Amino acid sequence: MIGKKIEEAILKQIQVEEQSSRIYMAMASWCEVNGFPGAAKFLFTHSDEERMHMTKLINYLNDKGGYARLKDLDAPEYKFKSLLDIFDQVLKHEEFVTASINKLFEIAFGEKDFTTSQFLQWYIEEQIEEESMFKGILDKFRLVGEQTGGLFHLDKELEALANAGPKEEFL
Ligand code: FEO
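Residues numbered from 1 in each chain as written. Predicted model: local features only at pLDDT ≥ 70, side-chain atom pairs only at ≥ 80, totals over all residues. Heavy atoms only, no water.

### Remarks on the layout of surface pockets
Argument step 1. By volume, the largest pocket is sized at about 280 Å³.
Argument step 2. Lining the largest pocket are 15 residues, with Lys 12, Gln 13, Val 16, Phe 96 and Ser 100 sitting closest to its centre.
Argument step 3. Residue assignment for the lining of the largest pocket shows that the elements contributing at least two residues are α1 (4–33) and α3 (83–110).
Argument step 4. Looking at the lining of the largest pocket residue by residue, the classes come out as 6 nonpolar, 5 polar and 4 charged. (1 Å grid on protein atoms, 1.4 Å probe; cavity = no way out; pocket = protein on both sides within 12 Å on 5 of 7 lines; lining within 4 Å. Points joined across faces, edges and corners; volume = space filled by probe spheres on them. Helix = DSSP H or I, 4+ residues; strand = E, 2+ residues; numbered from the N terminus. Nonpolar A, V, L, I, M, F, W, Y, C, P; charged D, E, K, R; others polar.)

Written as C-alpha coordinates, this is what we have:
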(Lines give C-alpha, C1' and ligand atoms only; values in the text may rest on other atoms or scores of the structure.)
Protein backbone atom coordinates (compact mmCIF):
# COMPACT_ATOMS: atom_id res chain seq x y z
CA MET A 1 0.00 0.00 0.00
CA ILE A 2 1.39 3.38 -1.00
CA GLY A 3 1.95 5.97 1.75
CA LYS A 4 -0.45 8.94 2.05
CA LYS A 5 2.34 11.50 1.69
CA ILE A 6 3.51 9.96 -1.58
CA GLU A 7 -0.04 9.53 -2.82
CA GLU A 8 -0.65 13.26 -2.28
CA ALA A 9 2.62 14.13 -4.06
CA ILE A 10 1.69 11.91 -7.03
CA LEU A 11 -1.76 13.51 -7.22
CA LYS A 12 -0.03 16.88 -7.46
CA GLN A 13 2.20 15.62 -10.27
CA ILE A 14 -0.85 14.25 -12.11
CA GLN A 15 -2.25 17.78 -11.97
CA VAL A 16 1.03 19.22 -13.30
CA GLU A 17 1.03 16.81 -16.26
CA GLU A 18 -2.62 17.48 -17.05
CA GLN A 19 -2.04 21.23 -16.84
CA SER A 20 0.97 20.83 -19.17
CA SER A 21 -1.25 19.06 -21.68
CA ARG A 22 -3.70 22.00 -21.60
CA ILE A 23 -0.94 24.60 -21.91
CA TYR A 24 0.48 22.92 -25.03
CA MET A 25 -3.01 22.45 -26.46
CA ALA A 26 -3.65 26.20 -26.09
CA MET A 27 -0.33 26.98 -27.75
CA ALA A 28 -1.11 24.56 -30.59
CA SER A 29 -4.42 26.33 -31.15
CA TRP A 30 -2.61 29.71 -31.40
CA CYS A 31 -0.18 28.24 -33.94
CA GLU A 32 -3.05 26.85 -35.97
CA VAL A 33 -4.77 30.22 -36.33
CA ASN A 34 -1.53 32.13 -36.90
CA GLY A 35 -0.21 30.25 -39.92
CA PHE A 36 2.14 27.74 -38.30
CA PRO A 37 0.58 24.33 -39.04
CA GLY A 38 3.82 22.43 -38.37
CA ALA A 39 4.29 23.95 -34.93
CA ALA A 40 0.59 23.33 -34.25
CA LYS A 41 0.96 19.65 -35.09
CA PHE A 42 4.09 19.39 -32.97
CA LEU A 43 2.36 20.98 -29.96
CA PHE A 44 -0.83 18.94 -30.37
CA THR A 45 1.36 15.84 -30.34
CA HIS A 46 3.23 17.10 -27.32
CA SER A 47 -0.03 17.79 -25.54
CA ASP A 48 -0.96 14.12 -26.12
CA GLU A 49 2.39 13.09 -24.65
CA GLU A 50 1.66 15.00 -21.47
CA ARG A 51 -1.64 13.18 -21.22
CA MET A 52 0.28 9.93 -21.51
CA HIS A 53 2.59 11.08 -18.66
CA MET A 54 -0.50 11.77 -16.60
CA THR A 55 -2.16 8.43 -17.40
CA LYS A 56 1.01 6.54 -16.50
CA LEU A 57 0.97 8.15 -13.04
CA ILE A 58 -2.75 7.41 -12.60
CA ASN A 59 -2.24 3.75 -13.51
CA TYR A 60 0.76 3.47 -11.17
CA LEU A 61 -1.00 5.04 -8.20
CA ASN A 62 -4.14 2.92 -8.61
CA ASP A 63 -2.05 -0.21 -9.09
CA LYS A 64 -0.21 0.45 -5.81
CA GLY A 65 -3.41 0.68 -3.78
CA GLY A 66 -3.93 4.46 -3.99
CA TYR A 67 -6.73 6.27 -5.78
CA ALA A 68 -5.98 8.82 -8.49
CA ARG A 69 -8.40 11.73 -8.23
CA LEU A 70 -8.14 14.70 -10.58
CA LYS A 71 -7.67 18.23 -9.28
CA ASP A 72 -8.77 21.59 -10.66
CA LEU A 73 -6.87 23.12 -13.56
CA ASP A 74 -6.13 26.75 -14.43
CA ALA A 75 -7.18 28.32 -17.72
CA PRO A 76 -4.05 28.35 -19.89
CA GLU A 77 -2.59 31.50 -21.46
CA TYR A 78 -3.89 32.05 -24.97
CA LYS A 79 -2.17 35.29 -26.03
CA PHE A 80 1.34 34.97 -27.40
CA LYS A 81 3.70 37.44 -29.04
CA SER A 82 5.34 35.06 -31.48
CA LEU A 83 6.45 31.49 -32.07
CA LEU A 84 9.68 32.29 -30.26
CA ASP A 85 7.63 33.50 -27.29
CA ILE A 86 5.76 30.18 -27.28
CA PHE A 87 8.85 27.99 -27.32
CA ASP A 88 10.52 30.20 -24.73
CA GLN A 89 7.54 29.56 -22.45
CA VAL A 90 7.59 25.83 -23.25
CA LEU A 91 11.20 25.53 -22.10
CA LYS A 92 10.49 27.46 -18.91
CA HIS A 93 7.47 25.26 -18.26
CA GLU A 94 9.51 22.09 -18.79
CA GLU A 95 12.09 23.36 -16.30
CA PHE A 96 9.24 23.78 -13.82
CA VAL A 97 8.06 20.20 -14.54
CA THR A 98 11.59 18.90 -14.00
CA ALA A 99 11.76 20.63 -10.61
CA SER A 100 8.38 19.13 -9.74
CA ILE A 101 9.50 15.59 -10.69
CA ASN A 102 12.71 16.02 -8.72
CA LYS A 103 10.71 17.10 -5.68
CA LEU A 104 8.46 14.05 -6.03
CA PHE A 105 11.51 11.81 -6.27
CA GLU A 106 12.97 13.45 -3.15
CA ILE A 107 9.76 12.74 -1.22
CA ALA A 108 9.59 9.10 -2.39
CA PHE A 109 13.25 8.51 -1.58
CA GLY A 110 12.94 10.28 1.78
CA GLU A 111 10.02 8.00 2.66
CA LYS A 112 12.13 4.99 1.63
CA ASP A 113 9.60 4.11 -1.06
CA PHE A 114 12.13 2.62 -3.44
CA THR A 115 9.49 1.19 -5.77
CA THR A 116 8.14 4.67 -6.50
CA SER A 117 11.68 6.06 -6.73
CA GLN A 118 12.46 3.42 -9.34
CA PHE A 119 9.23 4.17 -11.22
CA LEU A 120 10.13 7.87 -11.30
CA GLN A 121 13.44 7.22 -13.04
CA TRP A 122 11.53 7.09 -16.32
CA TYR A 123 10.22 10.63 -15.69
CA ILE A 124 13.64 11.93 -14.76
CA GLU A 125 15.07 10.66 -18.04
CA GLU A 126 12.08 11.94 -19.98
CA GLN A 127 12.64 15.43 -18.56
CA ILE A 128 16.31 15.39 -19.57
CA GLU A 129 15.25 14.51 -23.14
CA GLU A 130 12.48 17.09 -23.26
CA GLU A 131 14.58 19.95 -21.94
CA SER A 132 17.34 19.11 -24.38
CA MET A 133 14.89 18.95 -27.32
CA PHE A 134 13.27 22.28 -26.43
CA LYS A 135 16.64 23.97 -25.94
CA GLY A 136 17.57 22.81 -29.46
CA ILE A 137 14.33 24.17 -30.89
CA LEU A 138 14.73 27.48 -29.07
CA ASP A 139 18.32 27.90 -30.33
CA LYS A 140 17.02 27.59 -33.88
CA PHE A 141 14.26 30.12 -33.29
CA ARG A 142 16.78 32.59 -31.88
CA LEU A 143 18.97 32.15 -34.97
CA VAL A 144 16.09 32.72 -37.34
CA GLY A 145 14.55 35.69 -35.50
CA GLU A 146 11.54 37.10 -37.33
CA GLN A 147 12.65 36.19 -40.89
CA THR A 148 9.59 34.82 -42.68
CA GLY A 149 11.56 32.32 -44.78
CA GLY A 150 13.40 30.97 -41.75
CA LEU A 151 10.20 30.65 -39.73
CA PHE A 152 8.57 28.81 -42.62
CA HIS A 153 11.40 26.26 -42.66
CA LEU A 154 11.34 25.87 -38.89
CA ASP A 155 7.62 25.25 -39.05
CA LYS A 156 8.27 22.49 -41.59
CA GLU A 157 10.96 21.01 -39.35
CA LEU A 158 8.57 20.94 -36.42
CA GLU A 159 6.03 19.12 -38.54
CA ALA A 160 8.67 16.56 -39.52
CA LEU A 161 9.60 16.18 -35.87
CA ALA A 162 5.95 15.57 -34.93
CA ASN A 163 5.65 12.98 -37.72
CA ALA A 164 8.88 11.26 -36.69
CA GLY A 165 7.57 10.58 -33.18
CA PRO A 166 8.40 11.95 -29.77
CA LYS A 167 11.92 10.63 -29.30
CA GLU A 168 13.68 12.11 -32.37
CA GLU A 169 16.39 14.69 -31.90
CA PHE A 170 15.72 18.13 -33.32
CA LEU A 171 18.90 18.54 -35.40
FE1 FEO B 1 5.41 15.60 -18.75
FE2 FEO B 1 6.82 17.66 -20.73
O3 FEO B 1 6.70 16.85 -19.06
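### Side note on the packing of helix α2 (residues 37–63) against α3
Argument step 1. The interhelical angle for the contact between α2 and α3, taken along N-to-C directions, is 20°, at an axis separation of 13 Å. Here α2 is positioned roughly parallel relative to α3, judged by the angle of their axes. Where α2 crosses over α3, the handedness of that crossing is left-handed. Within the contact between the two elements, α2 uses Ala 39, Phe 42, Leu 43, His 46 and Glu 50 and α3 uses Leu 83, Ile 86, Phe 87, Val 90 and Glu 94.
Argument step 2. In the contact of α2 with α3, the residues fall into 7 nonpolar, 1 polar and 2 charged. (Axes fitted to C-alpha atoms, helices over the stretch in contact; angles between N-to-C directions. Parallel < 35°, antiparallel > 145°, perpendicular 65-115°, else oblique. Left-handed = near helix turned anticlockwise from the far one by under 90°. Contact = heavy atoms within 4.5 Å.)

### What to know about the environment of Ala 75
Argument step 1. Tracing the chain through its elements places Ala 75 in the loop between α2 and α3.
Argument step 2. Under the relative-accessibility criterion, Ala 75 is labelled exposed at 68%.
Argument step 3. Put simply, Ala 75 and Ala 26 are 49 residues apart on the chain and 9.3 Å apart in space, counted from C-alpha to C-alpha. (Buried < 20%, exposed > 50% of the residue type's maximum accessible area, 1.4 Å probe, protein only.)

### Things to note about the pattern of salt bridges
Argument step 1. Within this structure, the stated rule accounts for 9 salt bridges.
Argument step 2. Across the pair Lys 5 and Glu 111 runs a salt bridge whose closest N-O atoms are separated by 3.5 Å. Of this pair, Lys 5 sits in helix α1 while Glu 111 is found in the loop between α3 and α4 (114–144), placing the two residues 106 residues apart along the sequence.
Argument step 3. Overall, the relative accessible area of 41% leaves Glu 111 in the partly exposed class.
Argument step 4. With its nearest N and O atoms 3.1 Å apart, the salt bridge here joins Lys 140 to Glu 157. (Salt bridge = Lys/Arg side-chain N within 4 Å of Asp/Glu carboxyl O.)

### Here we look at α1
Argument step 1. In this model α1 runs 44 Å from its N-terminal to its C-terminal C-alpha over 30 residues, within 8% of the 44 Å that 1.5 Å per residue would give.
Argument step 2. At the exit of α1 stands Gly 35, carrying a positive phi of roughly 80°. (Expected span 1.5 Å × (residues − 1).)

### Quick notes on the packing of α4 against helix α5 (residues 148–164)
Argument step 1. In contact at an axis separation of 9 Å, α4 and α5 are set at 160° when each is read in the N-to-C sense. It follows from the interaxial angle that α4 and α5 lie roughly antiparallel. Seen from above, α4 lies across α5 with right-handed handedness. Contacts between α4 and α5 involve Met 133, Ile 137, Lys 140, Phe 141 and Val 144 from the first element and Gly 150, Leu 151, Leu 154, Glu 157, Leu 158 and Leu 161 from the second.
Argument step 2. Looking at the contact of α4 with α5 residue by residue, the class counts come to 8 nonpolar, 1 polar and 2 charged.

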